[in-house]
Amino acid sequence: MARIRCDFFSEALGMGTSMTVLLPDRGAAGIGMAGAAVDGDPPVLYLLHGLTDDDTAWTRRSSIERYVAPLGLAVVMPQVQRSFYRDEEHGNRYWTFLSEELPEVCRSFFRLSTRPEDTFVAGLSMGGYGAVKWALRHPERFAAAASLSGALDVVRRRHQPSSPVDPAVWHTVWGERPPPDEDDTVALLERAGDDLPALYVACGTEDFLYEDNVRFVDTARRLGRPLTVDFGPGDHDWAYWDAQIAAVLAWLPLRGKAGPPLNASGRGGGPA
C-alpha cells in the first residue's frame, strides 16, 4: 500500500486540515505482505475516526494497512475533530466537509472510483455514528456501511449521566437543542426508503454503547430492514475494533468477490 498523509485547505472549514489515505499497490515483492490492485479506478472505503482520535488513529492502532493490502481497496481517513460529523451549532461545517467537499477533493487528488457500487463507509464510536448517518442520508452513494461500537442513539446518549462525552461537546455540536431528525440515526432509519446500502452493526456486550446499538438493531428488525449484526464479548477498545475491521473488510461486497457478503463469523451475511 501507499500511505499518504495529506494536508490541504478546506473551503467548507475555512482552514487547513488533514486526511490519511491508503492507495492500492501491486507490490508483489514485499516480504510478508503482497499488494493488489484492480483494473481501472479502485473502490474506496471512507473510514471514520472516534471522538478522541484523528485521521491517523486507524493506521497507528490497527492493522488496517495489512488487512487492506490484498484487496485493491483505497481507504480515506479524514479528520473531523470532535464534531460528530455535523455542521456544528457553535463551530465548523464538518458535515458539509465530509459529505460534499471530501469526496470531490479525494477524486481530484487521487484516482478513485466514483461508482456507488465501489463506495463504502465505516467507522468506530463517533465514526460509526457518522458512517451510518452518511449512508442513511445519502443511500444512493454507497454499496455498504458499517458501524463498530457506534454512538447510534445520540438523542438518548446526550441525556445519559454515565456518558463519557464532555457536556461542552454536546453544546458545541448541537447547542441547547436535542439532535434533530437529520442527525438521529434511529429516526433516519425509521423514515428511510427501501433502497438502502448493506448495513453492518457490531458492538461488544461490555461496551457502554451496547444498549444504544441494541435499540438501533431492534428498530431495523421491527421495520424489516436487512442488516448484518455482530454482538458478542468486547469492550470499547482497539483490540475489538482491530478484529472487527478485518471482519468488515471480509463482508464488503467488493468488485469481483464471489458469493454474498460475509458476516463476522465468515458465513454468508443476510438479515440478522
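In case you missed it, the structure is sitting above this.
Numbering of residues begins from 1 in every chain and follows the order in which that chain's sequence is written. pLDDT decides what is reported in this predicted model: residues at 70 or higher carry local features, side-chain atom pairs at 80 or more are listed and counted, and totals for whole chains, interfaces and linings draw on all residues regardless. Note that water and hydrogens are dropped before the side-chain values are worked out from all heavy atoms of the structure.

Colleague: Go over the sheet that holds strand β4 (residues 74-78), please, and point to the residues and values.
Modeller: Any two strands with at least two DSSP-identified bridges between them are counted as paired. Secondary structure is summarised from DSSP: a helix means a run of H or I of at least four residues, a strand means a run of E of at least two, and numbering begins at the N terminus for each. Read from one edge to the other, the open sheet built from eight strands follows the order β1-β2-β4-β3-β5-β6-β7-β8, with strand pairing classed as mixed. A strand with exactly one partner marks an edge of an open sheet, and here the two such strands are β1 (2-10) and β8 (228-232). The sheet shows a mean angle of 15° between the axes of neighbouring strands, direction not considered. Inspection of the sheet shows strand β2 (residues 15-23) paired to β4 by four bridges, in the antiparallel sense. Bridge pairing in β4 links M19 to P78. Pairs of residues are marked as contacts when any of their non-hydrogen atoms sit within 4.5 Å. Where helices are involved, their axes are fitted lines through C-alpha atoms of the stretch in contact, as for all axes, and angles between N-to-C directions lie from 0 to 180°. Taken strand by strand, helix α4 (residues 126-137) contacts β3 (44-48), β5 (119-124) and β6 (144-148), and its axis lies near 150° from that of β5. Across the sheet, helix α9 (residues 238-251) is in contact with β3, β5, β6, β7 (198-204) and β8; its angle to β7 comes to roughly 160°.

Colleague: Outline the pattern of salt bridges, listing residues and values.
Modeller: Just to be clear on terms, a salt bridge is a Lys or Arg side-chain nitrogen sitting within 4 Å of an Asp or Glu carboxyl oxygen. Under the defined criterion, the tally for this structure stands at 19 salt bridges. With a shortest N-O distance of 3.5 Å, R115 and E117 are connected by a salt bridge. A salt bridge links R225 to D194, with the nearest nitrogen and oxygen atoms 3.5 Å apart. You can see R225 sitting in the loop between α8 (210-223) and β8 and its partner D194 sitting in the loop between α7 (185-191) and β7, a full 31 residues away along the chain. Think of it in three bands: with a 1.4 Å probe and only protein chains considered, a residue is buried below 20% of the maximum accessible area for its type, exposed above 50%, and partly exposed in between. On the basis of relative accessibility, which here comes to 13%, the residue R225 falls in the buried class. A single salt-bridge network, built from bridges that share partners, covers R86, E89, K133, R137, R177 and D183.

Colleague: Describe helix α6 (residues 167-174), with residues and values.
Modeller: Where α6 is concerned, the buried positions are V169, W170, V173 and W174. Angularly, the buried residues of α6 cover 100° about the axis, an arc narrow enough to put them on a single face. For α6, the elements touching its buried residues are α4 and α5 (154-158). A 3.5 Å cut-off defines polar contacts: any pair of N or O atoms within that distance qualifies, except that in protein one atom must be a possible hydrogen donor and the other a possible acceptor, and neighbouring residues in sequence count only when both atoms are side-chain atoms. Its side-chain oxygen at 2.8 Å from the backbone nitrogen of A168, D166 defines the N-terminal cap of α6. Relevant arc is that of directions from the helix axis to the C-beta atoms, nothing else.

Colleague: Which residues make up the pairing of β1, and what are the values?
Modeller: It is a general feature of regular strands that their side chains alternate between the two faces of the sheet. Where β1 meets β2, nine bridges bridge the pair, whose relative direction is antiparallel. Note that in β2 the partner of C6 across the bridge is M19. Between the end of β1 and the start of β2, which pair antiparallel, lie four residues, with G14 showing a positive phi angle near 70°.

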